[in-house]
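Coordinates in review
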Amino acid sequence: SHGNKEGFSCRGIQLAVDWFLEKGHKDITVFVPAWRKEQSRPDAPITDQEILRKLEKEKILVFTPSRRVQGRRVVCYDDRFIVKLAFDSDGIIVSNDNYRDLQNEKPEWKKFIEERLLMYSFVNDKY
């Protein structure tokens, strides 16, 4: 949601990571679909992509699989990666997604998501 939804703002990811690092958190994982590494296009602008590569080198960011089949992008369901890691590591989920479909998939995930989902917003560059 950083950048007035005019494109995908990698800087917003960095701002969020920095916020948690400043609070003393060390075990942070960011999931981003692999296609976000592709060159920015007018219909899907991406700004500051070098931030993604930097966070990946720091082992903070993980790219989830995506591929092209007959010219169409096929992505994995990365919500499952997010919820599973948070559940397995007794962490929190930072997202504005409610994961309703996954709450219905596994009963233990429902309670976890209800109690461990941290929603957020940006005010300019303040997370």
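Computed from a predicted model, the values in this text were never measured in an experiment.

1. Structural notes on the overall build of the chain
- Within the chain, the secondary structure is distributed over five helices and eight strands.
- Put simply, the chain runs from its N terminus to its C terminus through helices and strands in the order β-α-β-β-α-β-β-β-α-β-α-α-β.
- The principal-axis extents of the C-alpha atoms in the chain amount to approximately 40 × 40 × 25 Å.
- For the chain, buried positions account for 34% of its 127 residues.
- Within the chain, counting contacts between residues at least 6 apart in sequence, those at least 24 apart form 57% of the total.
- Looking at the chain as shown, the accessible area adds up to about 8,600 Å², and 50% of this sits on carbon and sulfur atoms.
- Placing the 23 positive and 21 negative side-chain charges of the chain at their respective mean positions leaves the two points 3 Å apart.

2. Topic: the environment of arginine 11
- Checked against the element boundaries, arginine 11 lands in helix α1 (residues 10–22).
- Overall, arginine 11 belongs to the partly exposed group, its relative accessible area being 34%.
- In the structure, arginine 11 is positioned 110 residues away from serine 121 in sequence and 14 Å away in space, judged by C-alpha atoms.
- In this structure, arginine 11 is in contact with His2, Asp48, Ile51 and Asp125, ignoring residues within four places of it in sequence.
- At 2.7 Å, the side chain of arginine 11 and the side chain of aspartate 125 are in polar contact.

3. Overview of the environment of alanine 16
- Structurally, alanine 16 is set in helix α1.
- Separated by 106 residues in the primary sequence, alanine 16 and phenylalanine 122 have C-alpha atoms spaced 9.3 Å apart.

The rules we used
- Note that residues are indexed from 1 along each chain, following the sequence as it is written.
- Owing to the predicted nature of the model, reporting of local features is limited to residues with pLDDT of at least 70; listing and counting of side-chain atom pairs is limited to 80 or more, with chain, interface and lining totals taken over all residues.
- No hydrogens and no water enter the side-chain calculation; it runs on all heavy atoms of the structure.
- Comment: elements are numbered from the N terminus, with helices defined as DSSP H or I runs of at least four residues and strands as E runs of at least two.
- Any residue under 20% of the maximum accessible area for its type is buried, any over 50% is exposed, and the rest in between are partly exposed; the area is computed with a 1.4 Å probe on protein chains only.
- Throughout, a contact is declared for two residues whenever any of their heavy atoms are within 4.5 Å.
- Note on areas: these come from Shrake-Rupley sampling with a 1.4 Å probe, and a residue is covered only by the protein chains present in the view.
- Under this rule, positive means Lys or Arg and negative means Asp or Glu; His and the chain ends count for nothing.
- Lysine's charge is taken at NZ, arginine's at CZ, aspartate's at CG and glutamate's at CD.
- Side-chain atoms alone can form a polar contact between residues adjacent in sequence; in general such a contact is a pair of N or O atoms within 3.5 Å, and within protein one must be able to donate a hydrogen while the other accepts it.

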